[in-house]
Each structure stands twice: as C-alpha cells, then as structure tokens.
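Observations on the three-dimensional arrangement
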Amino acid sequence: MSQTAAVILAAGLGKRMRSDLPKVLHRVAGRPMLQYVVDAARAACVARIVVVLGHGGEQVRAALDAGIETVVQPEQRGTADAVLTARSLLDGDSTCQDVLIANGDCPLLTGALFQTLIAERRRSGAAIAMVVTPLPDPTGYGRVLRDDSGHVLGVVEEAAANDAERAIREVNAGVYCIDAAWLWERLPAVPRSASGEYYLTDLVALAVADERIVRTIEAPLEITSGVNDRRQLAVAERQLRDRIRQELMLAGVTILDPSTTYVDSMVTIGRDTTLYPGTIIEGSTVIGSGCVIGPYSRIVDSQIGANVIVNASVVEQAKVGDRVKIGPFSHLRPGARIEADAYIGNYAEVKNARIGAASQMHHFSYIGDADIGCGVNVGAGTITCNFDSESGVKNRTTVGDGASLGSDTMLVAPVNVGERAMTGAGSVVNRDVKPEMVVVGVPARPLRRRAPPS
Ligand code: UD1
Ligand code: CA
C-alpha cells in the first residue's frame, strides 16, 4: 500500500521566543500553532502522524488529540536528529512509502500543500520533494543552492552561509516529502554541522550525491511562514487572521472593516451576518445567520442564535437565542442563557442566569444566579442581591413568567417571585412573593392582587 506517514518536529526550545511556554504552544488566531500543522497533515489524509516532542514535552502532548503518535527526542541535537527519533516507530512500516516532514512552528501550512508535495514526489520518483519560498528578505531561513541549470544542489543554513549564499532569496520552507526507504537508510549519514547540530537540510546534498532526484515546489510566505521569535509570531497572526476573514467573507459574512475585526480559527459564523468594526470573536464561538455584531463587541466561547444584535457589548461563555438584542454596553458573563426575543439593554449584566423568552431588561440591571421566566419586565436598576457576605454563599433568585419588577427592585436572594407578580419601584424583596401579588416598600409587603392582563 502506498501511504504516507507524517513527522512533525516540535521538540525545539524556541529560545528566540524568550518564553516559558514551549514555542509550538504559542497561540495564533486562538490556537497553539502546532495544532494547525497537525490539522494540515490530517487534511492531507496521511496514514499516521508522529509528533517529535522534547522541550515541555508533557505540556505539548496534552495539546494533541488522541490518535496522534508521539516520540521523545531526549536532547535537541537538530532537525535531522529529531526525525531520527521517529525512525523506531516508522522504519519497517511497509505501508508507508513516503514520509512527510514539517516543522511544528509553521502554523499557516495547509493540507493542500502537503498533498501537492506528496503527489509531486510520487510522480517524479524523487528521493526528496521539498517546498521552497521566494522571499525579498530571506533572513533566518536556509537558502536553496542550485547549479547553473537550476538543479538543486543542497540547502545551506544561514549560520553556515557565505555572503554570496546569504544573498540567495529562495529559501527552504522546512516541509519535505521523502522516499521512506531512502530516508531511513541515509538519515544516519547526515554529518554533524559546525554548530554541533544535525541539520535535516543536509539530506538534500546527500540525495544529490546519491544521484537521486530532488524536486522543489514553490509556495508563498502566506503559507510557509515560520515562527522563531515574537515578531514572526505577529506576522503569522496577521496572515492567519487574514485567511480566516477571507474565508468568512467568501462564505457570506459581511465584514465592514477587516483590519479591525478579529476572528479566531475555530469560530463559525452564519451567512448574512454582519461584523462591524472593532469586533473580536474568540474561542469556540458559534454565531448564527443574519446577526449584526459590533461595533466594538467581544464574544468569547459563546453560542449566538440567528438574527441577534450585539452592540458594543462583551459576551463570555453565554448562550443567546434567536432575535435577542444585546447592548449597547451589556456584559453577559459565564452561564448567561438568554432565550429568544429577549432584550438585554443598556448597561445590563447577566451571570449564571436564565433570562426567559421575550423578557425585557432595558436599563442598568444585574441578574446573577437567577432564573427569570418568560415575558418578564425587569425595570431599570433592578438587581439580584445574590451574595450573602456573612456566609460567603451565592443564593438563587427565581422570577415567574409574566412578572413585572419595578424600577430599582432589590431581589434579596434566596427569594422567589411568583408568576405575574409585580414589585413597586424601590422595593426590597426579601420574602417570597405569591403569584399575581403586588408588593411594595422596604421590606416589600403585599399591597393587593394584580389586575388581570388587558
Ligand atoms: C529550519 C530549517 C531551515 C528552514 C526553516 C523553515 C533546519 C536545519 N533548518 O530552520 O532550513 O528555512 O526551518 O522554517 O532544519 N526541532 C526539533 N528538534 C531539534 C531542533 C528543532 O524538534 O533538535 C524542531 C523545532 O521545534 C521546530 C523545527 O524543528 O519546530 C524547526 O527548528 P528551528 O530551530 O525552528 O529551525 P529553523 O532555524 O527555523
Ligand atoms: Ca523555525
């Protein structure tokens, strides 16, 4: 069977990041960069994926899905040595005809590029097919050496390059597809470089010496960008975010000002939704169709239904039903569940609470640890006094369907307000209110039964 095994190199320290976090776990558009490379390998339908771990190995392994094999490179002696540590897993796997190798610090790599590379190696019978990128400023990358007729002779790392070689603008992207049998036979022959490391790139000269074919395919920096320091991290971030926005726009999302709109890679957004400037959508957020988000809104790990308006507000780990209006200047905190057609107005805060369908909460209010029914009117300035500062306990409030809370009602939890009950302006409700009952005052006392709905 002619399958491919992928080896992803992720053992390096990433010294140039100057970080306590392993380099490949630094996030780009909301996800550790290594995960993008793994996803690209998966998208290329490779049979096996082996990640080479080293620095912060346990932490890196924890970021990988099940089904990804790992191997530990005990000492970081270079990229050739890293691939060699995977040999024990892959050499002798007769189902894998080629080995795809990629650096774990290249988050923009795509499955399509991997597929093209694998196809090119098989078509040409090359020992090595590799990806190259033409760059105006090749600083930091290995340069591709060619003879006068354009045949590849080798790759020279920047540290070892002379002035003429440094002037070469065609760089090695660090992505290779290699004939598996040849790789496992010849990899141990890679010499130690002057820096003391074993460079995988020296395999290219070995293939040439063996009179084997070396092929190159070209890909732009928008795909091959590598991250060695935080400046390059920012470049990759910009490129990936740009790709995400392009994909969203092609899928029917309007983005008024792409340069001020940030969307993480795992976010999904329905068609005919409009994103206004200054909007940041993060994590695992799902947004339905026909919504208007922003300007100046931040949505994190939330589910937003269809035709929702989020205006200048912050929404975190919340669930929002269809046609809800939020803002301006509202804050939905973790556990907020806003049902369809509700209105969460100016300066409203909701935490760990349900706001039932078609309820109205227009002005200056805080509802926390509560269950507010459907069609409830939450008057201006209403708050749940959910925190008992003597016991340190947060208590719950429930408000029945159709209730009406007058302006400035204090709901001193634990407390229950019955269906269609009503509180007067400024009432401090510290005892349960029966359904249909109107209460007023401090503390609130029954006044009369509420009139039936007209
Ligand atoms: C490497 C290439 C360079 C290419 C560039 C493209 C080599 C010698 N050089 O340089 O030609 O232009 O990528 O981005 O391969 N790693 C290990 N174990 C090690 C050393 C590194 O797993 O012992 C991993 C790192 O975690 C990283 C990857 O290999 O993910 C590449 O290493 P890095 O040091 O970033 O290589 P570059 O200097 O970028
Ligand atoms: Ca690198």
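Residues numbered from 1 in each chain as written. Chains lettered and ligands numbered in written order. Predicted model: local features only at pLDDT ≥ 70, side-chain atom pairs only at ≥ 80, totals over all residues. Heavy atoms only, no water.

Around ligand 1, 23 residues are found, and the nearest of them are Gln73, Gly78, Thr79, Glu157 and Asn172. Within the backbone of glycine 142, a nitrogen or oxygen atom sits 2.8 Å from an oxygen atom of ligand 1. When ligand 1 is considered free in solution it has 760 Å² of accessible area, and contact with the protein chains removes 91% of it. Listed by contribution, the elements that provide at least two residues to the shell around ligand 1 are strand E1 (3–10), helix H3 (79–85) and strand E10 (170–179). (Near = heavy atom within 4 Å. Polar contact = N/O pair within 3.5 Å; in protein donor to acceptor, adjacent residues only side chain to side chain. Areas by Shrake-Rupley, 256 points an atom, 1.4 Å probe, with all protein chains shown as cover. Helix = DSSP H or I, 4+ residues; strand = E, 2+ residues; numbered from the N terminus.)

This paragraph deals with helix H8 (residues 202–209). Among all positions in H8, only Leu203, Val204, Leu206 and Ala207 are buried. For H8, the arc enclosing every buried residue in end-on projection is 160°, short of the 170-degree limit, so these residues lie on one face. Buried positions along H8 lie against strand E7 (128–134), strand E9 (152–156), E10, helix H7 (180–186) and strand E11 (214–218). At the C-terminal side of H8, glutamate 211 shows a positive phi close to 55°. (Buried < 20%, exposed > 50% of the residue type's maximum accessible area, 1.4 Å probe, protein only. Arc of directions from axis to C-beta. Contact = heavy atoms within 4.5 Å.)

Here the focus is the coordination of the calcium ion (ligand 2). Metal coordination angles in their ideal form are 109.5 degrees for the four-donor tetrahedron and 90 or 180 degrees for the six-donor octahedron. Protein coordination of the calcium ion (ligand 2) is provided by Asp105 (OD) and Asn228 (OD1), with donor distances spanning 2.2 to 2.4 Å. Here aspartate 105 is found in the loop between strand E6 (96–103) and helix H5 (111–124), whereas its partner asparagine 228 is found in the loop between helix H9 (221–224) and helix H10 (230–250), with 123 residues between them in sequence. Taking relative accessible area as the criterion, aspartate 105 reaches 11% and is therefore assigned buried. (Donors = N, O, S within 2.8 Å, 3.2 Å for Na, K, Ca; no water.)

Residues Phe329, Tyr347 and Phe364 make up a contiguous nonpolar surface patch of roughly 350 Å² in combined accessible area. Residue position: tyrosine 347 is located in strand E27 (residues 343–355). Judged by relative accessible area, tyrosine 347 falls into the partly exposed class, the value being 47%. (Patch = residues over 30% accessible without salt bridge, like charges linked within 9 Å, V, L, I, M, F, W, Y side chains within 5 Å. Salt bridge = Lys/Arg side-chain N within 4 Å of Asp/Glu carboxyl O.)

Quick look at the pairing of strand E5 (residues 69–72) now. In this structure, strand E4 (residues 48–53) lies alongside E5, joined through four bridges in parallel fashion. The residue bridging valine 52 from the neighbouring strand is valine 71, located in E5. At this point the chain moves from E4, through helix H2 (residues 57–62), to the parallel E5, and the crossover so formed is right-handed. (Pairing = 2+ DSSP bridges. Right-handed = clockwise from strand over helix to strand, strands pointing away.)

Turning to the environment of valine 190, a few remarks are in order. If you trace the backbone, valine 190 turns up in the loop between H7 and H8. In this structure, the C-alpha to C-alpha distance between valine 190 and tyrosine 276, residues 86 residues apart in sequence, is 54 Å. Once residues within four sequence positions are removed from consideration, valine 190 is found in contact with Ala80, Tyr198, Tyr199, Asp202, Leu203 and Leu206.

This brings us to the environment of alanine 451. Tracing the backbone shows alanine 451 in the segment after strand E40 (445–449). Residue classification places alanine 451 among the partly exposed positions, given a relative accessible area of 47%. Separated by 31 residues in sequence, alanine 451 and arginine 420 have C-alpha atoms that sit 9.7 Å apart.

Quick look at the packing of aromatic side chains now. With the rule as written, the count across this model stands at two aromatic pairs. The interplanar angle of 25° and the centroid separation of 5.4 Å between the aromatic rings of phenylalanine 329 and tyrosine 347 together place this pair among those described as stacked. Of this pair, phenylalanine 329 sits in the loop between strand E24 (325–326) and strand E25 (331–332) while tyrosine 347 sits in strand E27, and the two are 18 residues apart along the sequence. Ring plane angle 15° and centroid distance 5.7 Å describe the contact between tyrosine 347 and phenylalanine 364, whose orientation is recorded as stacked. Highlighted residues: tyrosine 347 in strand E27 and phenylalanine 364 in strand E28 (residues 360–372), separated in sequence by 17 residues. (Phe/Tyr/Trp six-rings, centres within 6.5 Å; stacked < 30°, edge-to-face > 60°.)

So, on to the nonpolar core. Leu332 and Ile338 are the most contacted members of the largest nonpolar core, which has 58 residues in total. Of all the secondary-structure elements, those providing two or more residues to this core are helix H1 (33–43), H10, E27, E28, strand E36 (415–417) and strand E39 (437–440). Both of domain 1 (4–224) and domain 2 (230–449) provide at least three residues apiece to this core. If we ignore the near neighbours within four places in the chain, the residues touching leucine 332 are Val314, Val315, Glu316, Ala318, Val320, Ile326, Ile338, Ile344 and Val350. By size, the runner-up hydrophobic cluster in this structure holds 36 residues, among which are Val99, Met130, Trp182 and Leu183. (Core = buried A, V, L, I, M, F, W, Y, C linked by side-chain atoms within 4.5 Å. Domains from an automatic or database assignment.)

What follows covers the environment of valine 38. Relative to the helices and strands, valine 38 resides in helix H1. Of the residues examined, valine 38 reaches a relative accessible area of 4% and is grouped as buried. The spacing of valine 38 and proline 107 is 69 residues in sequence and 9.3 Å in space, taken between C-alpha atoms. The contact partners of valine 38, leaving out residues within four places of it in the chain, are Ile8, Ile49, Val51, Leu64 and Ile68.

Let us now look at the side chain of serine 124. When you line up the elements, serine 124 lands in helix H5. In terms of polar contacts, serine 124 uses its side chain to reach the backbone carbonyl oxygen of glutamate 120, at 2.8 Å. Within the local environment of serine 124, its side chain forms a polar contact with the backbone nitrogen of alanine 126, the two atoms lying 3.3 Å apart. Setting aside anything within four residues of it in sequence, one finds serine 124 in contact with Ile213 and Arg215.

Let us look at the pattern of salt bridges. Per the stated rule, a full pass over the model turns up 27 salt bridges. Between glutamate 58 and arginine 61 there is a salt bridge, and its shortest N-O distance comes to 3.3 Å. In this pair, glutamate 58 and arginine 61 are both assigned in helix H2, three residues apart and thus about one turn of the helix distant. The class for glutamate 58 is exposed, based on a relative accessible area of 57%. Owing to a relative accessible area of 33%, arginine 61 belongs among the partly exposed residues under this scheme.

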